[in-house]
Structures are given as C-alpha cells and as structure tokens.
Amino acid sequence: MALGTLVLGVALAAAPSEDLLGVYRFPDGRLAGVRPVADEDAWRYVDFATGASHKMHRAEGGGFQSSDDWASAAPVRLRYRFDLGPGSRARALVLEGADGRREKAVRVGVRERGATFTSANTALYGKLVLPAGGGPRHPVVVFVHGSDNAPSVDRELLPYLLAANGIGGFVFDKRGTGRSHGEYTQLFQVLADDVVAGVRWLRKQKDVNGARIGLAGFSQGGWVAPLAASREPAVRFVLVGYGLAMPVADEDRLEAPLKLGSMGLDPAAIREFEEVNAVLHATARGGFTAEGWRRLEEKLAAYAGRPWLEKARGTETWLGQLLAMGMEQARDRVPRLFTTFFDPFYDPVPTLASLDVPMLWLLAAEDIEAPPGPTVAVLERLRGAGKPVEVVVFPGTDHGIREFVAGPGGRTTTRYAPGYFKAVVDWLKRQTR
C-alpha cells in the first residue's frame, strides 16, 4: 500500500448501461465471470478454470470483442454477445472464438439484495448474494476489499462465484465510496470495525447461517480481515489473498527496490534510492520533526540531478509520492496522512498469533507489491506453534495471483494462475460444511 494509493485517489467509473455482472455456466459445467472494468466503459471476462482473462471492448454493431491477451481489443480473437432481458440484465453469454466456434453460457441464477448497516454511526451499503432457490440457511463469506477507493458492490465477482458453488457472499462499499457514507480512510482499526458491523448484520438475517460466517481479505484486506476476526467471535475462518504479515512501512521498504528494478534502474541507482528512503522512514518514525525533515532534504540534495530521482518521481512508493508532491506540500500533508489516514507501523503479527480460526493464505511468489518471503516465514512460525494456518504460494505470479511476462517497460499481466480460483472455492467449501 504505497503512499501513491493514499494521496492520488481513484476516479469512479460511470455506471455501465448493461447488467452483466455475474457468473455464467457453459454446458460442460465450466464457469466464467464478467465484471465491469473500473473507470472504463468496458468489462472483463474471466475463465475460472484456466485463469484466462480478457478485457471486453465494445464492438461496432453491438456486443464486445477482445484479443486473446489480458487487455487488447485487437487482433480480434474472441467476440461476446449477451442475451439481455428486462432492465438490460444479461441472461446468457455467447462466446465466439477466432475459428467461428460458438459456445453459449447461461447466467447462474442467484438471490441478491441490498443491505444498509451501521458502523460507528456511519451508514454503509452492501449486497448479499445467495444461491438460487430456498432451502436451509446459507454460510456466508464477507469480501474485505483492498486499498483503492473505488466501490466494490457493483463490480466484485467473488460473491457470485461463491453463490454458484453453494455459498453466500457479502460485499460492501468501503466507507466514503459508492453508496456508503463517511470519509474514505485506510485506518485498519476503523475498517476492521466496519467488517465486524457487516458480520453482525449478517447474523440477524434469517437466510444466513450465523455459525458459518467467514472473511476473505485481499491485498490490504489481508491486514483488515484478521483484525476483524480477532474482534468478532462469530468469524469462523479467514482467507487472505496476496496480503502481508508485516507493517505497511516494511512493505514499502521491500517493495520500492523491486519496483524500481522492474523499471530498469541499475543497482547503484537503487542503492541511492534506498538510502534516501531509509531517511524518509526514519523521519516518519520520529514523528516528522524539523530535524528529520532537515536530514531528508540534505540527503536529497546530495543526489540532486541523479536520473533516478526523476524516474522514481510519482511511483507508488513513499519516496516516489513525496517527490511528486514536492517538499513544501509534503511537509504540510504527509504528517497528517501518517497519523490520521492510515496505519504505517501497525504490526499484524500479534493479531495473527492470537487467532485460532482456520486461515488460508494465497501468495504470489514474484509479488512486487507484497513481497511474500517475510510473510511466509511468519506463517510457518505460526504453523509450527500449532495454529491452523495453510499457505499456498503460486510460482511465477505477481500481485493478484496473476502470471506475467517481463519486458523493458515492466511486467505485463497475462492471466490469473490456473488453479487459483479452485483453491479459493475448495477451501471455502471445506470451511462451510
């Protein structure tokens, strides 16, 4: 969670004209998902079995098209048409390959309803998605979102994937986003209380099995979900995807050189960057005193004119964002961010050690944003102490459990790791029996 995420913000996407969000089942049982792309008039297609995923660009004459890679519209390899019912709600998807072969997938029926609940006198908006039909009360998994300030209710696929597998899913817009009130924040304590409020709302619902509620936290949610579980005994299990068992400050310290290396900076430049970044971290830990700012300015002056300063400017690292702001603005804004907006030095390890509920951690072996090594070491120690912790590391993947190819300009995502979605669903099924 870089300072860039904290300062720059994210524009909200306009509501799409169609209702395509959901999971579609092919005749052979394969499942695929469709969700909107944030900030664009486009959608994303996900094959849950293979991990293949494509951005669906609008095509002339209607429908959508994509190449066979992660994001391109051309060369056209796949075409997508939807059978729309009342309210432009999709009932089925017809997928056409480059060879002209067509497959039809029917949208998986679910029961869904909006929900408003209160956390610390703040009204938050969520959505409960349950398997179709009546029957017994369902177990439910609460989705705990990452650090961006875009709403989740109208774009998150996980609740629909779970409902297609017999499990309920609950998602809500983080405070200050979408239809939730309040001020957007990344304070873990506040966000954990919001999750707890959602769990307590769920326990009052007649169609929810209150003894089978768990959390699934991704990226920043890896800090928030365990903290919420430590505060609410009704939480029976926790899944973490590409999270960290270390403070945000340590994330930045480890992430920054990896990110700059992927941009092509040489080792000498990275060492100089790390020297300056270490002074910034010391300044932050010291409470941003006048002496701390003086040392930071001196260190920056020592490397004035270095090409890496311009390349690092604006990167999603603490120092990169400080450089983008400029020292005058940084002196005013950064101390407030570090004390009132996010928890840079919160150590999650004591919280993890206090939990006795089953946990599954899914990590990306080549993750730049969340380097997995120290987290794996912490989790292995917890396992050795008898905690019910499972760890799966997906080789050759970056943040989001996505495979990639490396090039001169950095990494290009190719697909989700095969087996990733199966690992999520299979483990959650075991916890909700």
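See the structure shown above.
The structure contained in this document is the topic of the report that follows. What you see is a predicted model; the values in this text were computed from it and never measured.

**A few points about the overall build of the chain**
Inference 1: The helix and strand tally for the chain stands at 13 helices and 19 strands.
Inference 2: The C-alpha atoms of the chain give 22 Å as radius of gyration, which agrees with the globular expectation for 433 residues (22 Å, within 12%).
Inference 3: Seen along its three principal axes, the alpha-carbon backbone of the chain occupies a region of about 65 × 50 × 40 Å.
Inference 4: With 433 residues in all, the chain has 55% of them scored as buried.
Inference 5: Carbon and sulfur atoms provide 51% of the accessible area of the chain, an area that totals close to 18,000 Å².
Inference 6: One finds the centroid of the 53 positive side-chain charges in the chain at a distance of 6 Å from the centroid of its 50 negative side-chain charges.

**Quick notes on the sheet that holds strand 3 (residues 43-47)**
Adjacent strands of a sheet form backbone hydrogen bonds with each other and so pair up, either parallel or antiparallel.
Inference 1: Reading around the circumference, 1-2-3-4-5-6-7-8 is the order of the eight strands in this closed barrel, with antiparallel pairing throughout. Put simply, the sheet's adjacent strands are angled 30° from each other on average, direction ignored.
Inference 2: Relative to strand 8 (residues 102-107), strand 7 (residues 90-97) runs antiparallel, the two sharing five bridges. The residue bridging L93 from the neighbouring strand is A105, located in strand 8.

**What about the side chain of K127?**
Inference 1: For K127, the location among the structural elements is in strand 10 (residues 122-131).
Inference 2: There is a polar contact of 2.9 Å between the side chain of K127 and the backbone oxygen of V153.
Inference 3: When neighbours within four sequence positions are excluded, K127 is seen to be in contact with L21, E112, R113, G114, V153, Y160, G169, F170 and V171.

**What about unusual backbone geometry?**
Inference 1: The omega angle of the peptide bond from A74 to P75 is -5°, so this bond is cis rather than trans.
Inference 2: Note on placement: P75 falls in the loop between strand 5 (64-66) and strand 6 (78-84).
Inference 3: The phi angle at N121 is positive, at roughly 65°, despite the residue not being glycine.
Inference 4: By the element assignment, N121 lies in the loop between strand 9 (110-119) and strand 10.
Inference 5: For Y242, which is not glycine, the phi torsion reads 45° and is therefore positive.
Inference 6: According to the relative accessible area criterion, Y242 is buried, its value standing at 15%.

**Comments concerning the packing of helix 3 (residues 188-203) against helix 4 (residues 221-231)**
Inference 1: It is at 8 Å that the axes of helix 3 and helix 4 come closest, and there the two elements cross at 60°. The orientation of helix 3 with respect to helix 4, classified from their angle, is oblique. For the crossing formed where helix 3 meets helix 4, the hand is right-handed. Contacts between helix 3 and helix 4 involve F188, Q189, L191, A192, D193, V195, V196 and R200 on the former and, on the latter, W223, V224, L227, A228 and R231.
Inference 2: Residues of the contact of helix 3 with helix 4, tallied by class, amount to nine nonpolar, one polar and three charged.

**A closer look at helix 12 (residues 373-384)**
Inference 1: If you check helix 12, its first and last C-alpha atoms are 17 Å apart, about what twelve residues at 1.5 Å a residue would give, namely 16 Å.
Inference 2: If you check which residues of helix 12 are buried, you get T375, V378, L379 and L382. An end-on view of helix 12 places all buried positions within 95° of arc, on one side of the element. Along helix 12, exposed side chains directed more than 90 degrees from the buried face belong to R381 and G384.
Inference 3: Looking one or two residues past helix 12, G386 carries a phi angle of roughly 95°, positive in sign.

About the cut-offs
- Within each chain, residues carry numbers counting from 1 in the order of the written sequence.
- It should be noted that, the model being predicted, local features are given only for residues of pLDDT at least 70 and side-chain atom pairs only at 80 or more, the latter also being counted only at that level, while totals for whole chains, interfaces and linings use all residues.
- Derived side-chain values reflect all non-hydrogen atoms in the structure, with water molecules and hydrogen atoms excluded from consideration.
- Secondary structure counts use DSSP, requiring at least four H or I residues in a row for a helix and at least two E residues in a row for a strand, with both numbered from the N terminus.
- Atoms counted for the radius of gyration: C-alpha only. Globule rule: 2.2 Å times residue count to the power 0.38.
- Exposed residues in this analysis have more than 50% of their type's maximum accessible area, buried residues have under 20%, and partly exposed residues fall in between, with area computed by a 1.4 Å probe over protein chains only.
- With residues, only the protein chains shown are counted as cover, and all accessible areas are computed by Shrake-Rupley using a 1.4 Å probe.
- Counted charges follow a simple rule, with Lys and Arg positive, Asp and Glu negative, and His plus the chain ends left uncounted.
- Lys charges are placed at NZ, Arg charges at CZ, Asp charges at CG and Glu charges at CD.
- Each pair of strands is called paired provided DSSP finds at least two bridges between the two strands.
- The axes used here are C-alpha line fits, helices contributing only the stretch in contact, and every angle between their N-to-C directions lies in the interval 0 to 180 degrees.
- We define a polar contact as two N or O atoms separated by no more than 3.5 Å, with the added condition that, inside protein, one atom must be a possible hydrogen donor and the other a possible acceptor, whereas residues neighbouring each other in sequence contribute only through side-chain atom pairs.
- What makes two residues a contact is simply this: any of their non-hydrogen atoms within 4.5 Å.
- Put simply, angles under 35 degrees are roughly parallel, angles over 145 are roughly antiparallel, angles from 65 to 115 are roughly perpendicular, and the rest are oblique.
- Crossings are assigned a handedness: left-handed for a near helix turned anticlockwise from the far helix by less than a right angle, right-handed for a clockwise turn.
- Residue polarity is assigned by list, with Asp, Glu, Lys and Arg as charged and Ala, Val, Leu, Ile, Met, Phe, Trp, Tyr, Cys and Pro as nonpolar; anything else, Gly included, falls into the polar class.
- What a helix is expected to span follows from its residue count: subtract one and scale by 1.5 Å.
- The directions considered for the arc are those from the helix axis to the C-beta atoms.

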